[in-house]
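Examining the three-dimensional arrangement
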Amino acid sequence: MKLIKLDAIDSTNEFLKALSNKQELENFTVITAENQTKGKGQMGSIWASETSKNLIMSILVKDFLSDINQIFNLNIAISLAVIEVLETLNIPNLSIKWPNDIMSYNKKIGGILIENSIKSDGKIVSIVGLGLNVNQTNFENLPKASSLAVICNKDFNKEKLLFSIVDCLENKIKGCTNKKDFLWESYSNKLFKKGIPMPFSDQKKNYFMGIIQGVSQIGKLEVILEDDTVSEFDIKEIQMLY
């Protein structure tokens, strides 16, 4: 694993993307930064982080996805890798808020952004961005956010976390071919608020009740509606109100 450490950068995803376009990088090359000025979340949202307190990283993943319809497999692999590592640290009540926010209790402690590009030879190259709130304790104006330090009342070693997550991700990816169904089941079982009646809103601010049933093979959220039908929603088409 090649690790490139930066003090400050606009976006580790953008830096790694540009670097991979200029030169051939080894698989699982990692960029990490102490400060990220233009961190990105899903669909253009902003990921803010206190300098030097949190784990900000991007990982190059190639030679894994061969079909555009398999892209959600990578979401599952990285989400489960993060959860598995945090479980070894006894972080309590962990879950995945679809598609890939990492939760402890009702608080978001991490977010994942995966950007895929299809090369001229048909190969899919992925940049996996991870922001994990580690030692930050001030979350003013962020009522739904927390960190490992706040939850466990102690500091954590960010570099150990980084290496553990990358190692675990590699193992998940290597085992994905033989254990795909098991990984999908594990992901589904870890879904935040699965099986619990919850209020939702759609893009038009229409409010409705639903129950998360699971995730479709292309990564859409499956929700049982009040008339017992099942609807599928894409990212940003639906918001859980909790």
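Overview of the structure. Along each chain, the written sequence defines residue order, and numbers are assigned to residues from 1. Reporting in this predicted model follows two pLDDT cut-offs: at least 70 for local features of residues, and 80 or more for side-chain atom pairs to be given and counted; totals over whole chains, interfaces and linings ignore these cut-offs and use all residues. As a convention, hydrogens and water are excluded, and side-chain values are obtained from all of the structure's heavy atoms.

**Topic: helix α5 (residues 176–189)**
Under the 1.5 Å per step criterion, the end-to-end length of α5 is only 17 Å for 14 residues, more than 12% shorter than the ideal 20 Å. Of all the bends in α5, the greatest measures close to 40 degrees and is centred on Phe 182. For every residue, the accessible area (1.4 Å probe, protein chains only) is compared with the maximum for its type, and the residue is labelled buried under 20%, exposed over 50%, or partly exposed between those bounds. Each helix is a run of DSSP H or I of at least 4 residues and each strand a run of E of at least 2, with the numbering of both proceeding from the N terminus. Looking only at α5, the buried set comprises Cys 176, Leu 183, Trp 184, Ser 186, Tyr 187 and Ser 188. For a helix, the expected span equals 1.5 Å multiplied by the number of residues minus one. To get the bend at any residue, fit one axis to the seven residues that end at it and another to the seven that begin at it, then take the angle between the two axes.

**A few points about the layout of surface pockets**
In this approach the atoms are scanned with a rolling probe the size of a water molecule, which exposes any empty space left behind. Here the second largest pocket is characterised by a volume of approximately 350 Å³. Around the second largest pocket, the lining is made up of 16 residues, and of these Ile 71, Phe 72, Asn 75, Ile 218 and Ile 235 lie nearest the centre. Going through the elements one at a time, α2 (72–88) and β6 (107–118) are the ones with two or more residues in the lining of the second largest pocket. Following the grouping adopted for this structure description, the nonpolar residues are Ala, Val, Leu, Ile, Met, Phe, Trp, Tyr, Cys and Pro, the charged ones are Asp, Glu, Lys and Arg, and the polar ones are all others, Gly among them. Of the residues assigned to the lining of the second largest pocket, the class counts are seven nonpolar, seven polar and two charged. Think of a 1 Å grid over just the protein atoms. A cavity is a set of points where a 1.4 Å probe fits yet cannot get out, a pocket is an open set with protein on both sides within 12 Å along at least five of seven lines, and lining residues have an atom within 4 Å of a point. Grid points are joined across faces, edges and corners, and a volume is the space filled by probe spheres set on the points.

**Comments concerning the packing of α2 against helix α4 (residues 158–174)**
Note on geometry: axes are lines fitted to C-alpha atoms, helical ones only across the stretch in contact, with angles between N-to-C directions running from 0 to 180 degrees. Put simply, α2 and α4 touch, their axes get as near as 8 Å, and they point 135 degrees apart. What the angle tells us is that α2 and α4 run oblique. In this structure, the crossing between α2 and α4 has a hand that is right-handed. Contacts between α2 and α4 pair Leu 74, Ala 77, Ile 78, Leu 80, Ala 81, Val 82, Glu 84, Val 85 and Leu 86 from the former with Leu 161, Ser 164, Ile 165, Cys 168, Leu 169, Lys 172 and Ile 173 from the latter. Along the lines of polarity and charge, the residues of the contact of α2 with α4 split into 13 nonpolar, one polar and two charged. Small angles under 35 degrees read as roughly parallel and large ones over 145 as roughly antiparallel, with 65 to 115 read as roughly perpendicular and the rest as oblique. Helix crossings fall into two classes, left-handed where the near helix is turned counterclockwise from the far one by less than a right angle and right-handed where it is turned clockwise. Only heavy atoms enter the contact rule, under which two residues are in contact if any of them lie within 4.5 Å.

**Section: the pairing of strand β8 (residues 197–202)**
For β8 and strand β9 (residues 207–215), the ladder comprises five bridges, and the chain directions are antiparallel. Residue pairing across strands places Phe 200 opposite Phe 208, the latter belonging to β9. When DSSP finds two or more bridges between a pair of strands, those strands are recorded as paired. The loop that links β8 with its antiparallel partner β9 comprises four residues; one of these, Lys 205, has a positive phi angle of about 65 degrees. Bridge count for β8 against strand β12 (residues 238–240) is three bridges, and the pairing is antiparallel.

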